[in-house]
Amino acid sequence: MASIRMEMTYPKELEKAKKERWPILIPIGTMEYHSTICPYGCDALVANGLVEKVAEKIDCVVMPPIWYGVASYAVGGPE
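About the criteria used
- Residues numbered from 1 in each chain as written.
- Predicted model: local features only at pLDDT ≥ 70, side-chain atom pairs only at ≥ 80, totals over all residues.
- Heavy atoms only, no water.
- Core = buried A, V, L, I, M, F, W, Y, C linked by side-chain atoms within 4.5 Å.
- Buried < 20%, exposed > 50% of the residue type's maximum accessible area, 1.4 Å probe, protein only.
- Contact = heavy atoms within 4.5 Å.
- Phe/Tyr/Trp six-rings, centres within 6.5 Å; stacked < 30°, edge-to-face > 60°.
- Helix = DSSP H or I, 4+ residues; strand = E, 2+ residues; numbered from the N terminus.
- Polar contact = N/O pair within 3.5 Å; in protein donor to acceptor, adjacent residues only side chain to side chain.

A. Main features of the nonpolar core. In terms of nonpolar packing, the biggest core is built from 5 residues, these being Leu25, Val51, Ala55, Cys60 and Val62. Excluding residues within four positions of it along the chain, leucine 25 makes contact with Val51, Val54, Ala55, Cys60, Val61, Val62 and Met63.

B. Looking closely at the packing of aromatic side chains. Going through the model one piece at a time under the given rule, you end up with 1 aromatic pair. Ring geometry for tyrosine 33 against tyrosine 40: centres 6.2 Å apart, planes inclined by 45 degrees, an arrangement best described as tilted. Residue classification places tyrosine 33 among the exposed residues on the basis of a relative accessible area of 56%. A relative accessible area of 52% places tyrosine 40 in the exposed class.

C. The side chain of threonine 9, seen in detail. Within the secondary structure layout, threonine 9 lies in the loop between strand S1 (4-5) and helix H1 (11-19). A polar contact of 2.6 Å, which involves the side chain of threonine 9, links it to the backbone oxygen of arginine 5.

Take it as geometry only, folks, not as evidence of what the structure does.
Structure follows, in structure tokens:
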């Protein structure tokens, strides 16, 4: 496969990907506390690992991970 990583891509390579209509894969995850057993960024790290596995099997453009803020409101009570 000829997948490319956006941060390492030159314009000529991206033009080829656009012309051939390659999908763009964007790993996204939160930066939050997961107790003492996981790093803060494990959500995006897992997403990035999945994207890398897919990129081994198809031609695609792999974007850098997008990290976003704490989501503890989703697992905590109103207090």
